[in-house]
Amino acid sequence: MKLLEGKSAIVTGSGRGIGRAIARLFAEHGARVVVNDLEGDIAEGVAAEIGEAGGSAVACVGSVTAPEFPEKVVRTAVEEFGRLDILVNNAGYTWDGVIQNVTDEMWQAMIDVHLTAPFRIIRAAAPYMREPAKAELAEGRRIHRKIINVSSTSGVAGNPGQVNYSAGKMGIVGVTKTLAKEWGRFSINVNAVAYGFIETRLTAAKEEHNRARVGEIEVELGIPEQMRQMAMRMIPLGRAGTPEEAAGPVLFLASPLSDYVTGHVLLVTGGSYV
Ligand SMILES: NC(=O)c1ccc[n+]([C@@H]2O[C@H](COP(=O)([O-])OP(=O)(O)OC[C@H]3O[C@@H](n4cnc5c(N)ncnc54)[C@H](O)[C@@H]3O)[C@@H](O)[C@H]2O)c1
């Protein structure tokens, strides 16, 4: 059964990792997808992959933190697909340090990407999500639209070395719960997923030296291998999740299966933090 037939979705940061798995799963379920990433080649690549698999996708390249980006990505969905039903705020990265080593720049970068950008994108989407809903409700039709914000166990329980990331990821939970209350009457469901340990570039061994570019700067990503092994032993399911396993709960929150779920933070952690 295809769960998103006829829907139009934006997935930020979907050039790799969890976002890519979400974009591909949405497309498999019939959604037309705006694939966004900071890195143009990988965004175009995912859109092409989806097209080759018989789905429909378009790339929208750019940083979610750019002031003009929110209007641009929303316009892309509306111009290409005629509507906007689903928004997934997924783009992000980590810039870790214990508080005494966290500079203002490190702090601000995490707040910008994990909190301010989703806020601005949701605000830009408002006319395309609320106005059609008003018209539909006036005609006695209830059509659900969905916003899913990506948080983290750092945004639920805190995590040493991530004061900046944790603040952004907890902030987005506040946005989620508040908007669920503001927009419930328009049948717009607003939920969050909080991931634990999902195998992506973000959580790969530090020894692999993966880096993310932030403007002029490159940030080192990853977790020391010894800590990765320790973290995995603490997970009740005994392993990290795959990007595909991370995408499944987002499909649920984007689909009609969750029409009566809003303001919720769904832990996708293999049993940790429950
Ligand atoms: N992997 C995990 O274990 C884990 C745990 C908790 C939360 N998360 C969250 O899940 C989301 C996806 O992370 P991932 O693990 O797939 O990482 P990833 O590095 O594999 O993929 C993230 C993608 O987002 C893009 N991106 C980063 N900043 C961007 C920006 N400013 N504008 C547009 N695109 C940008 C990157 O280029 C990258 O392609 C992030 O919000 C992350 O914080 C991941």
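Scroll up for the structure.
None of the values given here were measured: they were computed from a predicted structure.

This part covers the packing of helix 1 (residues 17–28) against helix 2 (residues 40–52). Helix 2 packs onto helix 1 with a crossing angle of 25° between their chain directions and a minimal axis gap of 10 Å. On the basis of the axis angle, helix 1 is roughly parallel to helix 2. The crossing of helix 1 and helix 2 is right-handed. From helix 1, Arg20, Ala23, Arg24 and Ala27 reach across to helix 2, where they touch Val46, Glu49 and Ile50.

With that settled, consider the layout of surface pockets. Space inside the second largest pocket adds up to approximately 210 Å³. In terms of lining, the second largest pocket is formed by 13 residues, of which the most central are Ala27, Glu28, Ile50, Ala53 and Gly55. Mapped by element, the contributors of at least two residues to the lining of the second largest pocket are helix 1 and helix 2. The residue makeup of the lining of the second largest pocket, split by class, is four nonpolar, four polar and five charged.

As enumerated under the stated definition, the model contains two cavities of 30 Å³ or more in all. The volume enclosed by the largest cavity comes to roughly 40 Å³. As for the largest cavity, its lining consists of Asn89, Asn90, Ala91, Val113, His114, Pro118, Asn149, Val150, Lys169 and Ile172. For the lining of the largest cavity, the elements supplying multiple residues, two or more each, are helix 4 (104–138), strand 5 (145–152) and helix 6 (163–183). With three residues, helix 4 is the single largest residue contributor to the lining of the largest cavity. Within the lining of the largest cavity, the residues separate by chemical class into five nonpolar, four polar and one charged. Space inside the second largest cavity adds up to approximately 30 Å³. Forming the walls of the second largest cavity are Thr12, Val64, Asn89, Asn90, Ala91, Val113, Ala117, Pro118 and Ile121. With four residues, helix 4 is the single largest residue contributor to the lining of the second largest cavity. Classifying every residue of the lining of the second largest cavity gives six nonpolar, three polar and no charged.

With that out of the way, let us pick up the site of the ligand. Lining the immediate surroundings of the ligand are 31 residues, of which Asp37, Asn90, Tyr165, Ile198 and Thr200 lie closest. Within the side chain of Arg201, a nitrogen or oxygen atom sits 3.1 Å from an oxygen atom of the ligand. Summarising the interface, the protein chains cover 98% of the accessible area of the ligand, which totals 830 Å² for the free molecule. Broken down by element, the shell around the ligand gets its largest block of residues, three residues, from strand 5. Its residues assigned to classes, the shell around the ligand comprises 13 nonpolar, 13 polar and five charged.

With that settled, the discussion passes to a nonpolar patch on the surface. On the surface, Ile99, Trp107 and Val163 cluster together into a nonpolar patch covering about 270 Å² of accessible area. In this structure, Ile99 sits in the loop between strand 4 (86–89) and helix 4. Overall, the relative accessible area of 60% leaves Ile99 in the exposed class.

Quick notes on the rules
Residues numbered from 1 in each chain as written. Predicted model: local features only at pLDDT ≥ 70, side-chain atom pairs only at ≥ 80, totals over all residues. Heavy atoms only, no water. Axes fitted to C-alpha atoms, helices over the stretch in contact; angles between N-to-C directions. Helix = DSSP H or I, 4+ residues; strand = E, 2+ residues; numbered from the N terminus. Parallel < 35°, antiparallel > 145°, perpendicular 65-115°, else oblique. Left-handed = near helix turned anticlockwise from the far one by under 90°. Contact = heavy atoms within 4.5 Å. 1 Å grid on protein atoms, 1.4 Å probe; cavity = no way out; pocket = protein on both sides within 12 Å on 5 of 7 lines; lining within 4 Å. Points joined across faces, edges and corners; volume = space filled by probe spheres on them. Nonpolar A, V, L, I, M, F, W, Y, C, P; charged D, E, K, R; others polar. Near = heavy atom within 4 Å. Polar contact = N/O pair within 3.5 Å; in protein donor to acceptor, adjacent residues only side chain to side chain. Areas by Shrake-Rupley, 256 points an atom, 1.4 Å probe, with all protein chains shown as cover. Patch = residues over 30% accessible without salt bridge, like charges linked within 9 Å, V, L, I, M, F, W, Y side chains within 5 Å. Salt bridge = Lys/Arg side-chain N within 4 Å of Asp/Glu carboxyl O. Buried < 20%, exposed > 50% of the residue type's maximum accessible area, 1.4 Å probe, protein only.

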